[in-house]
Amino acid sequence: MKTIKHRISIFQVLFLLSLLIPQSVTAQVISKAPEDLFIVGSESIVFKSEVTDSDYRLYVNLPENYAHDSDKTYPVYYALDGNRTFVMSTQIYQSLRFDGFAPEVIIVGITYGGSKADYGLNRSRDLTPTNIELIPTSGGAANFLKMLREELIPFIDQHFRTDPTNRTLAGTSFAGLFTHYTLFNEPTLFNNYLINNPTFWWEEDYGYKLEEAFYQKRRSLNARVLYTIGAYDAVEEVIEMVNQIREHDYANLSLGFREVDHMGHMGGEAEAINQGMRFAYRLPEMKLPKETLEEYCGTYQDGSYVREVVISQGDLHLVRQGQTTGTKIQATSPGSFALQGTYFDFHFKRNEEGKVIGFSYQRDFDGTNIRTAAKVE
């Protein structure tokens with residue numbers, strides 16, 4: 001394992017110490033009630049943990065159609081440092097959702113509440129893997145991870161219609177270190193791990209040794225993992241980690257890296273969330289043989305419009321008659337498609353004999369705005 005000298009800048013030290021200064025908190029226990037978070041449809045829940053002996057405040061935002069489809073389950077996006085990241089994450093998600101580049105998602109922001117809501121002290125305890133002299137309260141990550149696994153996630157799964165096969169964990173700084181810690185201790189607890197500006201200077205290359213120890217036992221990692229770092233932060237440390245993971249070449253791992261230009265330790269968090277959500281929720285893309293694609297090709301009548309489905313550069317494209325370029329129809333499985341990778345509904349229709357006879361598609365964010373087209377013989 002290649003090792004570089006890890007440095008803690010004076011700005012990072014001041015930032016960490018600022019988290020340890022007790023803050024004036026006038027917490028009010030809220031069982032479950034709407035709260036003005038400038039996010040429509042959000043609610044606040046105070047959650048008591050027996051594992052950590054702390055109270056956590058959960059901010060929850062439900063997708064737009066949650067109340068209208070009682071059978072549907074939803075992916076869950078867990079945002080650490082939710083007092084700071086919940087509103088940001090929800091607003092970014094809603095913009096991506098408006099454009100169709102994210103599915104409907106439940107967003108849960110995790111922070112502190114109740115009678116013991118000392119944010120700085122609790123955070124430095126929960127999100128750090130070992131105890132170090134600089135931060136006497138540090139080293140509670142194992143208990144915090146146990147709390148997530150045994151209390152908080154089951155609580156969310158019990159009270160909301162969640163998809164337990166699709167969970168995302170996102171964190172910055174200490175929370176980025178904790179997300180990395182979770183990846184290599186509980187790799188199946190989440191599907192997507194979004195790790196921004198992680199504090200990899202922690203205790204004698206702890207993060208690198210953790211990944212190396214994991215690799216010695218397991219060669220498969222079924223997850224999507226994105227590391228992001230501000231260009232003025234510890235870029236070399238994160239690149240070293242990404243390269244170390246790439247060299248280990250885990251089976252089933254989708255690994256990404258993004259550098260946020262002109263940003264330091266905290267300023268690029270919004271862009272990291274945006275990049276992370278697009279990375280986590282991008283649709284799969286499958287190349288199908290030409291003979292399979294050809295059965296979908298042809299002329300379709302869409303109201304007053306005539307459209308052609310053609311093959312271009314190995315993919316289907318939807319082209320309006322008289323035009324030379326169109327919209328890519330992306331294969332997500334042998335029989336499923338999406339328009340340009342969006343989550344807007346698009347599917348081909350077949351008759352009883354299995355012949356393609358048309359398609360339907362969702363025109364915009366409004367799920368009721370559906371158009372249909374019939375194939376012209």
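Residues numbered from 1 in each chain as written. Predicted model: local features only at pLDDT ≥ 70, side-chain atom pairs only at ≥ 80, totals over all residues. Heavy atoms only, no water.

Colleague: What is the right way to look at the packing of helix α4 (residues 141-159) against helix α5 (residues 174-183) in this model?
Modeller: Two quantities define a packed helix pair, namely the angle between the axes and the distance from one axis to the other. Put simply, α4 and α5 touch, their axes get as near as 11 Å, and they point 70° apart. Between α4 and α5, the angle is such that the two are roughly perpendicular. Where α4 crosses over α5, the handedness of that crossing is right-handed. Residue-level contacts link Ala141, Ala142, Phe144, Leu145 and Leu148 of α4 to Phe178, Tyr181 and Thr182 of α5. Considered class by class, the residues forming the contact of α4 with α5 number 7 nonpolar, 1 polar and no charged. (Axes fitted to C-alpha atoms, helices over the stretch in contact; angles between N-to-C directions. Helix = DSSP H or I, 4+ residues; strand = E, 2+ residues; numbered from the N terminus. Parallel < 35°, antiparallel > 145°, perpendicular 65-115°, else oblique. Left-handed = near helix turned anticlockwise from the far one by under 90°. Contact = heavy atoms within 4.5 Å. Nonpolar A, V, L, I, M, F, W, Y, C, P; charged D, E, K, R; others polar.)

Colleague: Got a minute to help me understand the pairing of strand β5 (residues 106-112) in this structure?
Modeller: Every other side chain in a regular strand lies on the same face of the sheet, so the side chains alternate between the two faces. For β5, the tally of buried residues reaches 7 of 7 residues, placing the bulk of the element in the interior. Pairing analysis gives 6 bridges linking strand β3 (residues 54-61) to β5, with the strands arranged antiparallel. When the sheet's bridge partners are listed, tyrosine 56 is paired in β5 with tyrosine 112. Here 5 bridges tie strand β4 (residues 74-80) to β5, and the two strands are oriented parallel to one another. Pairing of tyrosine 78 across the sheet is with valine 108, part of β5. Handedness of the crossover joining β4 and β5 through helix α2 (residues 82-98): right-handed. (Buried < 20%, exposed > 50% of the residue type's maximum accessible area, 1.4 Å probe, protein only. Pairing = 2+ DSSP bridges. Right-handed = clockwise from strand over helix to strand, strands pointing away.)

Colleague: When you look at the side chain of threonine 162 in this model, what are you seeing that I'm missing?
Modeller: Mapped onto the elements of the fold, threonine 162 is located in strand β6 (residues 162-172). Looking at threonine 162, the relative accessible area reads 9%, which means it is buried. Only 2.6 Å separates the side chain of threonine 162 from the side chain of aspartate 157, close enough to count as a polar contact. Here threonine 162 is in contact with Thr73, Tyr74, Val76, Ile106, Ile156 and Asp157, once residues within four sequence places are set aside. (Polar contact = N/O pair within 3.5 Å; in protein donor to acceptor, adjacent residues only side chain to side chain.)

Colleague: Hey, could you run me through the layout of surface pockets in this one?
Modeller: Gaps left between atoms are located by rolling a probe of water-molecule size over the structure's atoms. Its boundaries defined by the atoms lining it, the largest pocket holds a volume of some 520 Å³. What lines the largest pocket is a set of 28 residues, and nearest its centre among them are Pro75, Pro103, Asn166, Tyr281 and Tyr343. Counting only elements with at least two residues in the lining of the largest pocket, the list comes to β8 (220-230) and α8 (269-281). Of all the elements, β8 adds the most residues to the lining of the largest pocket, at 5 residues. Approximately 350 Å³ is the volume found for the second largest pocket. What lines the second largest pocket is a set of 18 residues, and nearest its centre among them are Leu318, Thr327, Leu339, Tyr361 and Arg363. Looking at the lining of the second largest pocket, the elements that each hand over two or more residues are β11 (305-312), β12 (315-320) and β16 (356-362). Each residue belonging to the lining of the second largest pocket can be placed in one class, and the counts come to 6 nonpolar, 7 polar and 5 charged. (1 Å grid on protein atoms, 1.4 Å probe; cavity = no way out; pocket = protein on both sides within 12 Å on 5 of 7 lines; lining within 4 Å. Points joined across faces, edges and corners; volume = space filled by probe spheres on them.)

None of this, on its own, says anything about what the molecule does.
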